[in-house]
Structures are given as structure tokens and as C-alpha cells.
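# A structural walkthrough
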Amino acid sequence: DVKVTQSSRYLVKRTGEKVFLECVQDMDHENMFWYRQDPGLGLRLIYFSYDVKMKEKGDIPEGYSVSREKKERFSLILESASTNQTSMYLCASSRFQGGNTGELFFGEGSRLTVL
Amino acid sequence: EDKVVQSPLSLVVHEGDTVTLNCSYEVTNFRSLLWYKQEKKAPTFLFMLTSSGIEKKSGRLSSILDKKELFSILNITATQTGDSAVYLCAVEGTSYGKLTFGQGTILTVHP
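Now for a look at the structure at hand. (Residues numbered from 1 in each chain as written. Chains lettered and ligands numbered in written order. Predicted model: local features only at pLDDT ≥ 70, side-chain atom pairs only at ≥ 80, totals over all residues. Heavy atoms only, no water.)

In this section: the pattern of salt bridges. Residue and element names in this part refer to chain A. Evaluation of the coordinates by the stated rule reveals ten salt bridges over all chains. For Glu-30, the salt bridge identified is with Lys-71, shortest N-O distance 4.0 Å. On the criterion of sequence distance, the pair formed by Glu-30 in the loop between β3 (19-25) and β4 (31-38) and Lys-71 in the loop between β7 (65-70) and β8 (73-78) is long-range, its members being 41 residues apart. Owing to a relative accessible area of 26%, Lys-71 belongs among the partly exposed residues under this scheme. Close ionic contact of Glu-69 with Lys-53 constitutes a salt bridge, the shortest N to O distance being 2.4 Å. (Salt bridge = Lys/Arg side-chain N within 4 Å of Asp/Glu carboxyl O. Helix = DSSP H or I, 4+ residues; strand = E, 2+ residues; numbered from the N terminus. Buried < 20%, exposed > 50% of the residue type's maximum accessible area, 1.4 Å probe, protein only.)

Moving on, we get to the sheet that holds β3(A). All names here are of chain A. Within the open sheet, the four strands sit side by side as β1-β3-β8-β7. Their pairing is antiparallel. Each edge of the open sheet carries a strand with a single partner, namely β1 (4-6) and β7. For this sheet, the mean angle separating the axes of adjacent strands, direction not counted, is 20°. In the sheet, β1 pairs with β3 via three bridges, with the strands oriented antiparallel. Each residue of the ladder has a partner; that of Gln-6, found in β3, is Cys-23. (Pairing = 2+ DSSP bridges. Axes fitted to C-alpha atoms, helices over the stretch in contact; angles between N-to-C directions.)

Residue and element names in this part refer to chain B. Taking strand neighbours across the sheet as the criterion, the five strands line up as β1-β3-β8-β7-β6 in an open arrangement whose pairing is antiparallel. Taken across any chain shown, the strands that pair with only one partner, and hence form the sheet edges, are β1 (3-7) and β6 (56-58). Averaged over all pairs of adjacent strands, the angle between strand axes in this sheet comes to 15°, irrespective of strand direction.

Shown next as C-alpha cells:
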């Protein structure tokens, strides 16, 4: 069964802390994504990566960075967490299909609270 | 800027009812439209549509795309309590990898 695993389901951090959210997929997918989900705003793309060491900014990259050193792992980094980054973070992956991104497989989410 | 609007935002029905969820979009250079179901955890894939007028069907769920009028509908017939979820619509436009999601429709099915 295909799987996207987010290591932390619930985190509570303090303002100014550095936060790492880890995501691992076991499907050998080329594409990996980080979204945040907030009530009334839907899912918004933070960053995505289409290959190892490659990254593209999404719609809301400010305050975030990412790392993809291995194909199966995509990390989201909050250099200095702020309260407005309290949210549900969803990681996803997809296989490269040429013309479109294709079906995304999502992890179960990491709920981050910044105090 | 790409835009996706879903309606209604929420819907309450009884088991056995048929529901229609709507997704309208404004994107440049349309590539695909996707529907997802989200219960308490990860969104799960339902359909991907790329061509107008071709219905996709899976059990009691079906979906169709109209690229001229820029919308898609998701139909669920003979609803069950297990259909209660948030239904998400997403569209991929000009930029590969950048899906724009709608706000979602919250469907509640009462016994």
C-alpha cells in the first residue's frame, strides 16, 4: 500500500523556535509538496520539489524553506516560527506524468501550534 | 492568479439523497481538475478530469468537466453516512506542480 508518512502528527512550539517537519514517501515519486490547510482558505501550496535538490516556490513561501536531499524525503523548515504559522501542514507526493502533476498522495498531516 | 470556487460551502442531507457539488475555476492554460475526499485525515483521490464532456464514474460517485463553461460537478447518488466528509476540488493551470484548491464543500449525511 502506498504511503506518505509525516513524522510528527502534533507539535507545540514557541514563537521564534526553529521547526522541522519531515515527510517520507515510499512510492519512488519524483514530485513532493508541502501545503498548509486553514479553515475557509482551503489548501495552499508552500513549496514543491520535482527532483532531488530542486525546489519551486508555491503561493505562500514566505517564512518557510525546504530541503530535499534524497528522493523519498522532503522537509519543511520554519526558521523562526510565528503564531500565524499555526496550521495543519500536509505533505503530498505524485509521480511525474509529463503533461500534468497527476494524482497527489497525501500524508495524514502535522498540526502545528505556535504559542 | 488562478481561482477555484466551490459551492455550496456546506450541505446537509439524509441517507439515500442525491447530491451535486460544484466547482468553478479561472485558470490560465488548464491542465487538469481533480476531486478529493477528506475525512478526518489525509485527502484521498477521487477523480482527475482533463477532457470536457467525459464522465468519470466510481460506484455511486461520478464527475464531469465542462471546459467551455469552466466548471465541474461531482455527483453522489444514494448517499450514505460514510460519504460525510469535506470534498475538495483542485485545478492545475499554467505552472506544472501548482494546484489551486477550492475552499471545499462540507457534506454531512444524516441517517
